[in-house]
Number of protein chains: 2
Amino acid sequence: MKKFEEKTLNSEKIYKGKIIDLQVDEVSLPNGKTSKRELIRHPGAVAVIALTPEGKIVMVEQYRKALEQSIVEIPAGKLEQGEEPAKTAERELEEETGYACRDMKPLISFYTSPGFADELVHLFIAEDIYKLENASPPDEDEFVELLEVSLEEAQKMIEEKRIFDAKTAYAVQYLQLKERLKEK
Amino acid sequence: MKKFEEKTLNSEKIYKGKIIDLQVDEVSLPNGKTSKRELIRHPGAVAVIALTPEGKIVMVEQYRKALEQSIVEIPAGKLEQGEEPAKTAERELEEETGYACRDMKPLISFYTSPGFADELVHLFIAEDIYKLENASPPDEDEFVELLEVSLEEAQKMIEEKRIFDAKTAYAVQYLQLKERLKEK
């Protein structure tokens, strides 16, 4: 849909980075006036709800420099150029947790911050994971600790603010809803 | 928590914008090596699940330049300096939809993109909204169209990808779960 479309009058590339690019667009608004839009370009990412045979949720704790703290999240990572999201999901799950799966099912894709960024997160669910003997390690600048938590523990971690990012909150809520639907 | 802390060796301010700032930090990693982190500073935002007396969900359609398309979202907006999130939520609800409420209840706060941005979204729920006679208009560079949809319609819009941002997907799932809990 193109309702209220903002036409680009000028686009200034401010920064081209390893992961994100920043550009500032001058746009014409529906009322004929002009405005500026600060826009982040991001390659997109994947996240995985991975469940162990015991029904635990696989999480990773890692330091997030943007937040200056370490938080607990479901495994995730950015897309490499030309990589299929399902492949990225398998790769990130292996690198961050040492788990593989037989069936990486797509659940939903959502933009994380449509007001300023085009980052699209593809969320998958892997319900048949198994430990790999010789899993590939994480990226060399990535340090993660594996956690396996029950749904109740995950809900508690949300209350305690050890989990508080959008994709993981969505994932925990997804599993709560799934549980409820099963009970019916 | 500070596990796997990355100490800042150097921080370069790349851009200071109207809404976001970009900095690139050089950090020392837990293994002694160094790396760069591209970081977006954002003032934070609010989003509101607003329900009409008929039980419809209040949504707004707006053009998102970052995505080059218009999408349907729950009302949202960024925090002004020093503004309490609940106040921002009331202001944005009024400006974008013409609705006010008596009780703006906090639900959850989550980081949208912890890998590169510190944007924290405070999600509220307003279950007792009413139309204002003389509501404040949106910002002068903001064009939104009001929609009121049932939960079923919202779920359909997710399938059709008219809704596909994280906070709105979370909100719809929240209402689905609430519905299920009521049925018990």
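Residues numbered from 1 in each chain as written. Chains lettered and ligands numbered in written order. Predicted model: local features only at pLDDT ≥ 70, side-chain atom pairs only at ≥ 80, totals over all residues. Heavy atoms only, no water.

The name an unreviewed UniProt entry gives chain A is NUDIX hydrolase, with Bacillus salacetis as the organism. Heading Cofactor (unreviewed entry) of the UniProt record for chain A holds this comment: "Mg(2+)". (UniProt positions renumbered as here; feature names shortened; annotations may be inferred.)

Next up on the list: the overall build of chain A. When you go through chain A residue by residue, the secondary structure sums to three helices and 12 strands. The principal-axis extent of the C-alpha atoms belonging to chain A is close to 60 × 45 × 30 Å. Taken across its 184 residues, chain A has 54% of its residues classed as buried. Taking all contacts inside chain A whose residues are at least 6 apart in sequence as the whole, residues at least 24 apart take part in 55%. Here chain A has roughly 8500 Å² of accessible surface; of this, 47% comes from carbon and sulfur atoms. One way to put it: in chain A the 27 positive side-chain charges average out to a point 6 Å from where the 38 negative ones average out. (Helix = DSSP H or I, 4+ residues; strand = E, 2+ residues; numbered from the N terminus. Buried < 20%, exposed > 50% of the residue type's maximum accessible area, 1.4 Å probe, protein only. Contact = heavy atoms within 4.5 Å. Areas by Shrake-Rupley, 256 points an atom, 1.4 Å probe, with all protein chains shown as cover. Lys, Arg positive; Asp, Glu negative; His and termini not counted. Charge placed at Lys NZ, Arg CZ, Asp CG, Glu CD.)

Our next topic: the pattern of salt bridges. Residue and element names in this part refer to chain B. Throughout the structure, instances matching the rule amount to 45 salt bridges over all chains. A salt bridge links Arg37 to Glu6; the shortest N-O distance between them is 2.9 Å. Of the two residues, Arg37 is situated in strand 3 (residues 34-41) and Glu6 in the segment before strand 1 (7-16); the sequence distance between them amounts to 31 residues. As far as burial versus exposure is concerned, Arg37 and Glu6 are alike and both buried. The closest approach of N and O atoms between Lys18 and Asp141, which form a salt bridge, is 3.9 Å. (Salt bridge = Lys/Arg side-chain N within 4 Å of Asp/Glu carboxyl O.)

Attention now moves to the interface of chain A and chain B. Taken together, the contacts link 75 residues of chain A with 75 residues of chain B. For the pair chain A and chain B, the two sides together bury roughly 6700 Å², of which 60% comes from carbon and sulfur. Summed over the shared surface of chain A and chain B, the number is six salt bridges. Residue Glu61 of chain A is joined to Lys3 of chain B by a salt bridge in which the shortest nitrogen-to-oxygen separation is 3.7 Å. Along the contact surface separating chain A from chain B lie 34 residue pairs in polar contact (both at pLDDT 80 or more). Broken down by secondary-structure element, the contributors of at least two residues to the side of chain A that touches chain B are strand 1 (7-16), strand 2 (21-28), strand 3 (34-41), strand 5 (57-64), strand 6 (69-73), strand 9 (104-111), strand 12 (144-149) and helix 3 (166-183) of chain A. (Buried area = accessible area lost by both parts, 1.4 Å probe. Polar contact = N/O pair within 3.5 Å; in protein donor to acceptor, adjacent residues only side chain to side chain.)

Let us now look at the side chain of Asp25 of chain B. Assignment of secondary structure puts Asp25 of chain B in strand 2 (residues 21-28). Comment: no salt bridge for buried Asp25 of chain B; closest opposite-charge side chain is Lys65 of chain A, at 4.5 Å. At a separation of 3.0 Å, a polar atom in the side chain of Asp25 of chain B contacts the side chain of Gln23 of chain B. The residues contacting Asp25 of chain B, other than those within four sequence positions of it, are Lys65 of chain A together with Thr8, Asn10, Ser11, Glu12, Ser35, Lys36, Arg37 and Leu39 of chain B.

Let's shift gears to the relation of the copies chain A and chain B. When chain A is brought onto chain B, the operation consists of a screw motion whose angular component is 180° and whose axial shift is 0.0 Å, with 0.0 Å RMSD remaining. Such a turn and shift between the copies fits a two-fold axis. Comparing interface residues between copies, 100% of those in chain A also sit at the interface in chain B, which points to an isologous, same-surface contact. (Least-squares fit on C-alpha atoms with pLDDT ≥ 70 in both.)

Turning to the nonpolar core, a few remarks are in order. Counting residues in each nonpolar core, the largest one holds 54 residues, and the members touching the most others are Ile49, Ile57 and Met59 of chain A together with Ile49, Ile57, Met59 and Tyr170 of chain B. The greatest single-element share of this core, amounting to seven residues, is contributed by helix 3 (residues 166-183) of chain B. Ile49 of chain B has contacts with Ile74, Leu107, Leu123, Phe124, Ile125, Ala126, Ala171, Tyr174 and Leu175 of chain B, leaving out every residue within four places of it along the chain. (Core = buried A, V, L, I, M, F, W, Y, C linked by side-chain atoms within 4.5 Å.)

Residue and element names in this part refer to chain A. Strand order across the open sheet formed by three strands is 6-5-12, with antiparallel pairing between neighbours. Where the open sheet ends on each side, the last strands, each with one partner, are strand 6 and strand 12. The mean angle between the axes of side-by-side strands here comes to 25°, regardless of whether they run parallel or antiparallel. Note that strand 5 and strand 12 share six bridges and pair antiparallel. Within strand 12, the residue paired with Gln62 across the bridge is Val144. (Pairing = 2+ DSSP bridges. Axes fitted to C-alpha atoms, helices over the stretch in contact; angles between N-to-C directions.)

Residues and elements named next belong to chain A. For strand 5, a buried count of eight out of eight residues is recorded, marking the element as mostly surrounded by other parts of the structure. As defined by bridge partners, strand 5 adjoins strand 6 across five bridges and the pair is classed as antiparallel. Looking at strand 6, one finds that Val60 is bridged to Glu73. Hairpin connection from strand 5 to strand 6: four residues lie between these consecutive antiparallel strands, with Glu68 at a positive phi of about 55°.

Relative to the helices and strands, Leu29 of chain B is located in the loop between strand 2 and strand 3. We classify Leu29 of chain B as buried; its relative accessible area is 6%. Those residues within four positions of Leu29 of chain B in sequence are excluded, and the remaining contacts are Glu140, Asp141 and Phe143 of chain A together with Glu6, Thr34, Ser35 and Arg37 of chain B.

What follows covers the domain arrangement of chain A. All names here are of chain A. In terms of domains, chain A is made up of domain 1 (7-41) and domain 2 (45-183). For domain 1 and domain 2, the distance between their C-alpha centres works out to 31 Å. On the domain 2 side, the residues contacting the six residues of domain 1 number five residues. Carbon and sulfur atoms supply 49% of the area buried between domain 1 and domain 2, which totals about 420 Å² over both sides. Three residues stand out in domain 1 for area buried against domain 2, namely Ile19, Ile40 and Arg41, and they jointly supply 70% of the buried area on that side. Counting every contact that joins domain 1 to domain 2 gives two salt bridges. Counting every contact that joins domain 1 to domain 2 gives three residue pairs in polar contact (both at pLDDT 80 or more). Each residue belonging to the side of domain 1 that touches domain 2 can be placed in one class, and the counts come to three nonpolar, no polar and three charged. (Domains from an automatic or database assignment. Nonpolar A, V, L, I, M, F, W, Y, C, P; charged D, E, K, R; others polar.)

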